[in-house]
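The primary structure of each chain is shown beneath.
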Amino acid sequence: MNGLVPGQIKLSGRGVTCVRGGREVFSGLDFEAVAGEAVAVVGRNGAGKTSLLRLIAGLLIPAGGTIALDGGDAELTLPEQCHYLGHRDALKPALSVAENLAFWADFLGGERRDTAESLATVGLDHATHLPAAFLSAGQRRRLSLARLLTVRRPVWLLDEPTSALDVAGQDMFGGLMREHLGRGGMIIAATHGPLGIDSRELRIGGVA
Amino acid sequence: MTALSALIRRDIRIALRVGGGALIGVLFFLTVVVLMPFAVGPDLALLSRLGPAILWLGALLASLLTLDRLFMADHEDGSLDLITMSRTPLELACAAKALAHWLAAGLPLIVATPVLGLLLNLDMVATAAVALTLLAGTPALTFTGMIGAALAVTLHRGGLLMAVLVLPLSIPVLIFGVAASQAVIVGPMNFGAPFSILCALSLVSLVIGPFAAAASLRHGLD
């Protein structure tokens, strides 16, 4: 069942090197994460936190080294088992909240749960018919989180996930992350502030 | 299939909403064709002689007008990242996006053709011939234009570049589209030969377009 059994999946990177625009961002990076674990990627601005997430998501090609997921669904590639929550929230302003979420649920496929339920969890159930153009930054982030809840993926790659969320939103998100880890999922998050859950630190690019 | 039909439905829905591109193309087509009789003058014979070429040029430019945004919008809001990562092959996703663009922006042009044919003194047979050639030829414009749109994604202000890249590819489509229409109106060539080549161009671009676009999107990952 999607490799979501605790202790089964393991993400490992060996000697990962990232080159962007002719500049080496980091090199020879080794990391490891297992099911039920949250890894907080920390480092100064430009250290390559986002690049690392995009490497794992298959959106950048590593200049060296390998990244592999063991114990997941053998028929799927690593990016296909990841959720990527980046700075850009993949929402269409012309579509309503419900339409945006329903599209991603249909397009991403796989095991899914009810979209209305997810919207209620992130506190957007009162705004389902509102076009996404009218959402605040925090509400947009909540809608992106609803995508993570609706479509099940074992690995969550989160880039500054708590930015724009209010205190109640951060609490809600902390609960969602704990629930995901409890199901045997894995979280890799690039962050400056506290993530809100117990996590192991992965520092890249020297001291912040 | 659910994934692809979801993508097609979403793109059509966005195109038809306020600010979407579907109506812009038809309005542009309408403007070009309506103004042309005023520029050419009241010579009806000349108008019907030029009619198919005017309709084809208008349709070509109108269908390229909104095509440069095909991947740009998805790139800007991060949707393209998720589409690239998804379980749907990128080639199929590209084909679905191009199909949605053709349904929303190309098909209305063909529907508008009979009305505009009246303004250019085209009789029923000639108008039908132009509409048929547009139906067969505009998919080729969309699917080759998609390659340019994919290349333009990684470059800011890629719109002009797209025009430069795509226009040469659309010349054969224009030549055979107009030739087939003219064959019906003035002869002496038969309609079948240029029309078959037009269909072939569309079929070839249906195959090559998605692969080329997906390859250039993958290459441009950043």
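Just so it is clear, the structure is predicted and the values come from calculations on it, not from any experiment.

Quick word on the overall build of chain B
Working step 1: Secondary structure summary: chain B contains 9 helices and 0 strands in total.
Working step 2: Mapped from its N terminus to its C terminus, chain B presents α and β elements in the order α-α-α-α-α-α-α-α-α.
Working step 3: Taken over C-alpha atoms, the radius of gyration comes to 18 Å for chain B, in line with the 17 Å a tight globule of 222 residues would show.
Working step 4: Out of the 222 residues in chain B, the part that is buried amounts to 50%.
Working step 5: Considering only residue pairs separated by 6 or more positions, chain B has 79% of its internal contacts joining residues 24 or more positions apart.

Here's the deal with the overall build of chain A
Working step 1: For chain A, the count of helices and strands is 5 helices and 8 strands.
Working step 2: Along the chain direction, N to C, the helices and strands of chain A fall in the order β-β-β-α-β-β-α-α-α-β-α-β-β.
Working step 3: Computed over the C-alpha atoms, the radius of gyration of chain A is 17 Å, within 12% of the 17 Å expected from 2.2 N^0.38 for a compact globule of 208 residues.
Working step 4: Judged by the C-alpha coordinates and their principal axes, chain A covers about 50 × 35 × 30 Å.
Working step 5: A buried classification covers 45% of the 208 residues belonging to chain A.
Working step 6: A separation of at least 24 residues holds for 75% of the contacts in chain A among residues at least 6 apart in sequence.

Notes on unusual backbone geometry
All names here are of chain A.
Working step 1: At Ala90, a position not held by glycine, the phi torsion is positive, near 55 degrees.
Working step 2: Summarising the element assignment, Ala90 is placed in the loop between β5 (82-85) and α2 (97-108).
Working step 3: Ala90 sits in the buried class, given 22 other C-beta atoms within 10 Å.
Working step 4: Despite not being glycine, Ala164 has its phi angle at roughly 75 degrees, a positive value.
Working step 5: Position of Ala164 among the secondary structure elements: in the loop between β6 (155-159) and α5 (167-182).
Working step 6: On the basis of neighbour counts, which here come to 15 C-beta atoms within 10 Å, the residue Ala164 falls in the partly exposed class.

Observations regarding the confidence of the model for chain B
Working step 1: For chain B, the average pLDDT comes to 88, and 97% of its residues sit at 70 or higher.
Working step 2: Reported for the predicted complex are a pTM of 0.89 and an ipTM of 0.87.

Details of the packing of α2 of chain A against helix α1 (residues 2-16) of chain B
Think of two packed helices as two axes; the pair is described by the angle between the axes and how far apart they sit.
Working step 1: Orientation of α2 of chain A relative to α1 of chain B, taken along the N-to-C sense of each, is 150 degrees, at an axis distance of 7 Å. It follows that α2 of chain A is roughly antiparallel to α1 of chain B by the angle criterion. Contacts from Phe103, Asp106 and Phe107 of chain A of α2 of chain A reach α1 of chain B at Thr2, Ala3, Ala6, Leu7 and Arg10 of chain B.
Working step 2: Broken down by class, the residue content of the contact of α2 of chain A with α1 of chain B amounts to 5 nonpolar, 1 polar and 2 charged.

Focus on the pairing of strand β7 (residues 186-190) of chain A
All names here are of chain A.
Working step 1: Extensive coverage of β7 is indicated by the burial of 5 of its 5 residues.
Working step 2: Going residue by residue along β7, you find Met186, Ile188 and Ala190 tucked away on one face and Ile187 and Ala189 tucked away on the opposite face as well.
Working step 3: Examined bridge by bridge, strand β3 (residues 38-42) and β7 share 4 bridges and lie parallel to one another. Pairing of Ala38 across the sheet is with Ile187, part of β7.
Working step 4: Where β6 meets β7, 5 bridges bridge the pair, whose relative direction is parallel. Bridged to Asp159 within β7 is Ala190.
Working step 5: Once the chain exits β6 it traverses α5 before rejoining the sheet at β7, and the crossover so formed is right-handed.

Some points on the sheet that holds β6 of chain A
Residue and element names in this part refer to chain A.
Working step 1: Taken together, the 5 strands give an open sheet; going across it, the order is β5-β6-β7-β3-β8, and neighbouring strands pair in parallel fashion. Here the strands that pair on one side only, and so sit at the sheet edges, are β5 and β8 (200-203). Across the sheet, the mean angle separating the axes of adjacent strands is 20 degrees when strand polarity is ignored.
Working step 2: Relative to β8, β3 runs parallel, the two being bridged by 4 bridges.

So, how was this worked out
- Residues numbered from 1 in each chain as written.
- Chains lettered and ligands numbered in written order.
- Predicted model: local features only at pLDDT ≥ 70, side-chain atom pairs only at ≥ 80, totals over all residues.
- Helix = DSSP H or I, 4+ residues; strand = E, 2+ residues; numbered from the N terminus.
- Rg over C-alpha atoms; globule rule 2.2 N^0.38 Å.
- Buried ≥ 20, exposed ≤ 12 C-beta atoms within 10 Å, placed from the backbone.
- Contact = placed C-beta atoms within 7 Å.
- pLDDT = per-residue confidence, 0-100.
- Axes fitted to C-alpha atoms, helices over the stretch in contact; angles between N-to-C directions.
- Parallel < 35°, antiparallel > 145°, perpendicular 65-115°, else oblique.
- Nonpolar A, V, L, I, M, F, W, Y, C, P; charged D, E, K, R; others polar.
- Pairing = 2+ DSSP bridges.
- Right-handed = clockwise from strand over helix to strand, strands pointing away.

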